[in-house]
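Notes for the structure review
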Amino acid sequence: MAKVLSFGIAKEITGGSVVDVPFESGITLSGLRSLLESRYPRLRDLKSFAIAVNGEYAAAEQLINDTDEIAIIPPVSGG
Amino acid sequence: MAKVLSFGIAKEITGGSVVDVPFESGITLSGLRSLLESRYPRLRDLKSFAIAVNGEYAAAEQLINDTDEIAIIPPVSGG
Amino acid sequence: MTDIKISESPLNVQSCIDWVQSPESGGIDVFLGTVRNATKGRPVQYLEFEAYEPMAIAEMKKIAEEILAKWPVNKILIHHRTGKLGVGEIPVIIAVAAAHRGAAFDACRYAIDTLKQTVPIWKKEVFEDGEVWVAAHP
Amino acid sequence: MTDIKISESPLNVQSCIDWVQSPESGGIDVFLGTVRNATKGRPVQYLEFEAYEPMAIAEMKKIAEEILAKWPVNKILIHHRTGKLGVGEIPVIIAVAAAHRGAAFDACRYAIDTLKQTVPIWKKEVFEDGEVWVAAHP
């Protein structure tokens, strides 16, 4: 179980700026991505989304612990 | 005879911001250029210089009257 | 030197310019984003900006560091606003001072182009009859 | 719309930006020239700018008109100072507002590059031990 931050459109899809998502520590980022997509299918409608781990864009093979700060990053649009 | 304006380094070369230069109306710009260069030889030391007629850069073949506003334009360096 | 900030309060252009100026600089390029009154002809009422703040600050710092490594510039400032912004307000100011203008222009443009690609900030356009998270959907 | 001016008084950045801003614009690029403290390592005391004013105004207007013909920009401002300017002072401000930032950057850079080639304004650098008309000699 970990807390997942979400922002922008992702916040509307997950239903809150912080949601609890159950997973086992040691999952890969791509494993977590699939898990999030099945839990929140509307994430698949986005142009794309990234996952940040501890405030950094993370690579697909990176291993995630449930103590990490995880954030769903939908397409950014600052400026 | 016409009044010739000069600016920047050209003002130092001709000795004033307005100088009288004798020439016949109907001279070409390139004729006037030669005349100015022989009257003020240090103009030849410049990187380049243009001549403006009535506030516009003028072409070599343009004919000049002594009622035109003539200006010696040394290399510009605004900004 | 870099000055990176996210703020809910209006950005002050003059104080940003004052900060980047220095006796070693001969040119400053400043980019201001401003809220337009319409998107594809549809009147915009206001924008709402949201940031994942610590990460956004970190990503903006990365942009500034990259620029310092890549171009001979003296100072870089990137300020971004969050919250509701009406038409004409300024969501972002980027100011770059350099000895020579070419580097200032190149770096400033790189900064805003990269910010729009990497910095976790999102904007929602609010219209009379609905709202849209910009760039969210294909 | 264009705002072209030559002035002996200090230029005011904020009022220039206020002038170019409009609800139709999403981006403003501003270039500020600033007086550097040294040229090739030689300390500069001040610069002195001289203009052939009516022609300089006409040439700056030409630049602005060319830009309006060439890029989708809404407003262009070019202000240039004359007289003595100390280190850190601003000889030139160019501000361009456009719906989209690419045109604002391109037009602003074109404006300063072209101004430096065509507008009859001259600067003299004054050092402790002499003075030089910039770019005059090969």
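Structure report, in brief. This is a predicted model, so every value here is computed, not measured.

For the rest of this paragraph, the subject is the relation of the copies chain C and chain D. After a rotation of 180° and a shift along the axis of 0.0 Å, chain C superposes on chain D with an RMSD of 0.0 Å. Those values place the two copies in the arrangement expected of a two-fold rotation axis. For chain C, the minimum C-alpha distance to the rotation axis belongs to V30 of chain C and amounts to 2.5 Å. Interface residue correspondence from chain C to chain D reaches 100%, placing this contact among same-surface, isologous pairings.

The subject of this paragraph is the pattern of salt bridges. In a structure, side chains of opposite charge can pair up when their charged atoms sit close to one another. Taken as a whole and assessed by the stated rule, the structure comprises 22 salt bridges over all chains. A salt bridge links R101 of chain C to D113 of chain D; its shortest N-O distance comes to 2.8 Å. With R101 of chain C in helix α3 (residues 101-118) and D113 of chain D in helix α3 (residues 101-118), this residue pair bridges two chains. Here R101 of chain C falls in the partly exposed class, since its relative accessible area comes to 25%. A relative accessible area of 27% places D113 of chain D in the partly exposed class. Residues E131 of chain D and K124 of chain D are paired through a salt bridge, measuring 3.1 Å at the closest nitrogen-oxygen approach. Classification of E131 of chain D as partly exposed rests on a relative accessible area of 44%. Salt bridges linked by common partners bring R33, E37 and R44 of chain A together as one network.

A comparison of contact numbers over the three pairs of chains in contact places chains C and D at the top. There is no contact between chain B and chain C; across them, the least C-alpha separation is 9 Å. Spatially, chain A is disjoint from chain D: no contact exists, and the shortest C-alpha separation is 9 Å.

The next point concerns the nonpolar core. Burial of nonpolar side chains together is a common tendency in soluble globular proteins. Residue and element names in this part refer to chain C. Formed by 35 residues in total, the largest nonpolar core has its most connected members in M60, I63, I67, V73, I78, I94 and L115. Elements represented by at least two residues in this core include exactly β1 (2-7), β4 (42-51), α2 (53-70), β5 (73-81), β7 (92-98), α3 and β8 (121-127). The dominant element in this core, judged by the number of residues it contributes, is α3, at eight residues. In this view, I78 contacts D3, I4, K5, M60, I63, I93, I94 and L115; residues no more than four positions away in its chain are not counted.

The rules behind these values
Residues numbered from 1 in each chain as written. Chains lettered and ligands numbered in written order. Predicted model: local features only at pLDDT ≥ 70, side-chain atom pairs only at ≥ 80, totals over all residues. Heavy atoms only, no water. Least-squares fit on C-alpha atoms with pLDDT ≥ 70 in both. Contact = heavy atoms within 4.5 Å. Salt bridge = Lys/Arg side-chain N within 4 Å of Asp/Glu carboxyl O. Helix = DSSP H or I, 4+ residues; strand = E, 2+ residues; numbered from the N terminus. Buried < 20%, exposed > 50% of the residue type's maximum accessible area, 1.4 Å probe, protein only. Core = buried A, V, L, I, M, F, W, Y, C linked by side-chain atoms within 4.5 Å.

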